[in-house]
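# What the coordinates show
This is what each chain is made of:
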Amino acid sequence: MLLFGGVDCDRHIVANTFVYYPMINSWIKPNTKEEPSARIEHTMTTLCETRVVLFGGEDDSWNLAEKNDTWMFDGVTETWSRVKLSENSNSIPPRSFHSAVSIHQPNNSCICKESLLVFGGLKSSSKPMWELRCIDDLTSSVTYKWVTRKIPEKVPDYQTPLVSVFSFNTYATFVWGQS
């Protein structure tokens, strides 16, 4: 289990990384050289068992400005690295209270193609964002590209906070929340 950010006992937004190891029933703070800035209301999504993608959230400024940066945590080396976007990538608007899910697409090799899907969220004006964004393949390159996906005509009423899960049996993503 990986924890990052949040609020400490003194109500400060923090940039701490902790890894829980169930075999030894212990939390360990890795010695990371680089890590995302302090934040809350971000998403962290698991990729292929050993990597986690962090996206968005709100920073520690007095106005809680939304973030649009993307980071990858490598569970083997216990290091963070900022995800590099290609020059022709559309930037994704900053957001918090969004939902993210990884989609694993096995191919003929031992490596599976993994995509990160981000839906909804709030911008600083507290208006809901009705958009679906995706990084199509987080396994094959050094730089990545955000693409906009078409949203179905019928969408659920906006709900916050959003929670999502990907089903391997049906290859469908389920999103739910409270209004």
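Look a little higher up for the structure.
In this text the structure is predicted, and so the values were computed from the model without any measurement.

### A word on the pairing of strand S7 (residues 79–82)
Here 4 bridges tie strand S6 (residues 70–74) to S7, and the two strands are oriented antiparallel to one another. Bridged to Asp74 within S7 is Thr79. Linkage of S6 to S7, two consecutive antiparallel strands, is achieved through a turn of 4 residues, within which Glu78 is found at a positive phi near 55 degrees.

### A few points about the packing of aromatic side chains
Centre-to-centre distance and the angle between the planes together describe a pair of aromatic rings. Tallied over the full model, the rule gives 4 aromatic pairs. Considering the side-chain rings of Phe4 and Trp80, the 5.3 Å spacing of their centres and the 65 degrees angle between planes classify their relative orientation as edge-to-face. Within this pair, whereas Phe4 is found in strand S1 (residues 2–4), its partner Trp80 is found in strand S7, the two being separated by 76 residues in sequence. An identical accessibility class is assigned to Phe4 and Trp80; each is buried. Taken together, the ring pairs connect Phe4, Phe73 and Trp80 into an aromatic cluster.

Each value, and the rule that gives it
Residues numbered from 1 in each chain as written. Predicted model: local features only at pLDDT ≥ 70, side-chain atom pairs only at ≥ 80, totals over all residues. Heavy atoms only, no water. Pairing = 2+ DSSP bridges. Helix = DSSP H or I, 4+ residues; strand = E, 2+ residues; numbered from the N terminus. Phe/Tyr/Trp six-rings, centres within 6.5 Å; stacked < 30°, edge-to-face > 60°. Buried < 20%, exposed > 50% of the residue type's maximum accessible area, 1.4 Å probe, protein only.

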